[in-house]
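# Inside the fold
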Amino acid sequence: MVFIQETIRAIRITILLWLLTAIIYPLAILQFGQFAFPSSANGSIVLNIDAKPIGSALIGQVFTSDKYFHGRPSVVRYSQGRRAYLTGISGASNLAPSNPELTNRILELTNQLQDENIQPLPDLIYTSASGLDPHISLKAIQQQLTRVARARNIKEDEIIPLINKYTDPRFLGIFGEPNINVLRLNYALDLQELNRQQN
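The following refers to the structure shown. Please read these numbers as outputs of a predicted model, since none were measured by experiment. (Residues numbered from 1 in each chain as written. Predicted model: local features only at pLDDT ≥ 70, side-chain atom pairs only at ≥ 80, totals over all residues. Heavy atoms only, no water.)

## Side note on the side chain of Arg147
Our working definition: Helix and strand assignments come from DSSP, with helices taken as H or I runs of at least 4 residues and strands as E runs of at least 2, each series counted from the N terminus. Three labels apply to residues, based on accessible area from a 1.4 Å probe with only protein chains included: buried if under 20% of the type maximum, exposed if over 50%, partly exposed otherwise in between. Any pair of residues with heavy atoms lying within 4.5 Å of one another is described as a contacting pair.
Position of Arg147 among the secondary structure elements: in helix H6 (residues 138–152). With a relative accessible area of 7%, Arg147 lands in the buried category. Discounting residues that sit within four places of it in the chain, Arg147 has contacts with Ser65, Asp66, Tyr68, Phe69, His70, Glu116 and Ile118.

## Focus on the sheet that holds strand E3 (residues 135–137)
Here is the rule we go by: Think of it this way: DSSP has to see at least two bridges between two strands before they count as a pair. To obtain each axis, a line is fitted to C-alpha atoms, and for helices this fit is confined to the stretch in contact; angles are then taken between N-to-C directions over 0 to 180 degrees.
Pairing is antiparallel across the open sheet formed by three strands, whose spatial order is E3-E5-E4. Edge strands, defined here as strands with exactly one partner in the open sheet, are E3 and strand E4 (167–168). Bridging between E4 and strand E5 (residues 179–181) involves two bridges; their strand directions are antiparallel. What sits directly across from Asp168, in E5, is Asn179. Contacting E3 and E5, helix H8 (residues 182–198) runs over the sheet at an angle of about 60 degrees to E5.

## Points about the nonpolar core
Here is the rule we go by: In this description, a nonpolar core means a group of buried Ala, Val, Leu, Ile, Met, Phe, Trp, Tyr and Cys residues linked to one another through side-chain atoms lying within 4.5 Å.
By size, the foremost hydrophobic cluster in this structure holds 29 residues, and its most contacted members are Phe69, Ile141, Ile159, Ile163, Leu185 and Leu189. Contributions of two or more residues to this core are made by helix H4 (100–115), helix H5 (122–125), H6, helix H7 (156–165) and H8. The dominant element in this core, judged by the number of residues it contributes, is H8, at six residues. Those residues in contact with Ile159 that lie beyond four places of it in its chain are Phe69, Leu145, Val148, Ala149, Ile154 and Leu189.

## Brief notes about the packing of H6 against H7
Using the following cut-off: Definitions for this section: a left-handed crossing has its near helix turned counterclockwise from the far helix by less than a right angle. A right-handed crossing has that turn clockwise.
The interhelical angle for the contact between H6 and H7, taken along N-to-C directions, is 145 degrees, at an axis separation of 10 Å. Where H6 crosses over H7, the handedness of that crossing is right-handed. For the pair H6 and H7, contact is made by Leu138, Ile141, Leu145, Thr146, Val148 and Ala149 and by Glu156, Ile159, Ile160 and Ile163, respectively.

Set out below in structure tokens:
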């Protein structure tokens, strides 16, 4: 009899803990996130002027046109296959420093940047550990400034205010270095060009 009572009690406690940790707590956190941080809770999606999503500010994207600042290289390619996008794959190549494939990739990127008169800075040739990093350093932006201004047929001085506007400061004022979200900056450049065409 005692065994049955203890078993029932254990089942009740298990169900109660399951309700608290698997349903009530996650739903409460979800509601709090939606209320307090709606943009972050929904993936920090960047919308264009037609209110259509063009990407997430949290995930780096590949920009190949000279009209855009290029982000950090990545071995993750979300745009190359729906399956990768849905599964949320992230990560580095995990190639050892002695691996010739890694050496060749770095040399290829370095040569490509040097052909464009761009100094091969670390965040322009090395991938991040997650493969998702959407930010690059101010130095990496400055190295690409001439190319972007020439491709858009504008002066560099017209881009600098946007760079200043979209520069994220150090975390808590002391950690890390100032950096720039490449997607936000490139979209701001497109908006600037659109406004110039309309005026």
